[in-house]
Amino acid sequence: HVQLVESGGGSVQPGGSLTLSCTASGFTFSDSGMAWFRQVPGKEREGVATIHKDSMTSYGNSVTGRFSISRDNAKNTLYLQMDSLQPEDTAVYYCAAGTPAGRWWARRWVPQTYNYWGQGTQVTVS
């Protein structure tokens, strides 16, 4: 079975940093496009960052320059380094895994693209 487990969330002051991790199992991690999404209660899920299996990255406008997504295929782990955190970044952050399908890059910002999701980790900036 596929499993994604996030860790690293917590509470920080504005301007602080956190690094989130997502450990994957049950599928070929190195073949999968991966993403971080976040969600605030009552609002739609928002794309934060994506990373191609070949490590091409993209970011949501609100986090560009502050966040960095990366992956370590040897460890089956996805990361999100978050710097200069602001209260508006407060949300539950979710790790998501795609498939090797060629359409993934074009559809990477659409939550429905992703077949597998982690349980989420809370990030609170206050």
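Residues numbered from 1 in each chain as written. Predicted model: local features only at pLDDT ≥ 70, side-chain atom pairs only at ≥ 80, totals over all residues. Heavy atoms only, no water.

Help me out: how do you make sense of the overall build of the protein in this one?
Within the protein, the secondary structure is distributed over zero helices and eleven strands. Its C-alpha atoms give the protein a radius of gyration of 13 Å, within 12% of the compact-globule value 14 Å for 126 residues. By the burial criterion, 41% of the 126 residues in the protein qualify as buried. Within the protein, contacts between residues at least 6 apart in sequence are counted, and of these 61% link residues at least 24 apart. For the protein, the accessible surface area stands at approximately 6,300 Å², while carbon and sulfur atoms represent 46% of it. One finds the centroid of the 10 positive side-chain charges in the protein at a distance of 6 Å from the centroid of its 9 negative side-chain charges. (Helix = DSSP H or I, 4+ residues; strand = E, 2+ residues; numbered from the N terminus. Rg over C-alpha atoms; globule rule 2.2 N^0.38 Å. Buried < 20%, exposed > 50% of the residue type's maximum accessible area, 1.4 Å probe, protein only. Contact = heavy atoms within 4.5 Å. Areas by Shrake-Rupley, 256 points an atom, 1.4 Å probe, with all protein chains shown as cover. Lys, Arg positive; Asp, Glu negative; His and termini not counted. Charge placed at Lys NZ, Arg CZ, Asp CG, Glu CD.)

Can you help me understand the environment of Gly15 in this one?
Within the secondary structure, Gly15 is located in the loop between β2 (10–12) and β3 (18–25). Take Gly15: its relative accessible area is 46%, and that puts it in the partly exposed class. In this structure the C-alpha to C-alpha distance between Gly15 and Ser84, which are 69 residues apart in sequence, comes to 4.1 Å. Each residue touching Gly15, except ones within four places of it in the same chain, is listed here: Ser84, Leu85 and Gln86.

Just checking my understanding: could you explain the pattern of salt bridges for this structure?
When the charged atoms of two side chains lie near each other, side chains of opposite charge can form a pair. In total, this model carries three salt bridges according to the counting rule given. The shortest N-O distance in the salt bridge between Asp89 and Arg38 comes to 2.9 Å. Taken together, the residues span a long stretch of sequence, with Asp89 in the loop between β8 (77–82) and β9 (91–97) and Arg38 in strand β4 (residues 34–39) at a distance of 51 residues. Per residue, the accessibility class of Asp89 equals that of Arg38, and both read buried. Taking the shortest distance from any N to any O, the salt bridge between Arg66 and Asp89 comes out at 2.7 Å. Taken together, the residues Arg66 in the loop between β6 (57–59) and β7 (67–72) and Asp89 in the loop between β8 and β9 connect sequence positions 23 residues apart. (Salt bridge = Lys/Arg side-chain N within 4 Å of Asp/Glu carboxyl O.)

Got a minute to help me understand the packing of aromatic side chains in this structure?
Pairs of aromatic rings are described using the distance from one ring centre to the other and the angle between the two planes. Taken as a whole and assessed by the stated rule, the structure comprises eight aromatic pairs. With 5.4 Å between their ring centres and 70° between their planes, Phe37 and Tyr114 make a pair best called edge-to-face. Of this pair, Phe37 sits in strand β4 while Tyr114 sits in the loop between β9 and β10 (116–117), and the two are 77 residues apart along the sequence. By relative accessible area, Phe37 is classed as buried at 0%. (Phe/Tyr/Trp six-rings, centres within 6.5 Å; stacked < 30°, edge-to-face > 60°.)

Purely spatial values, then, with no claim about function.
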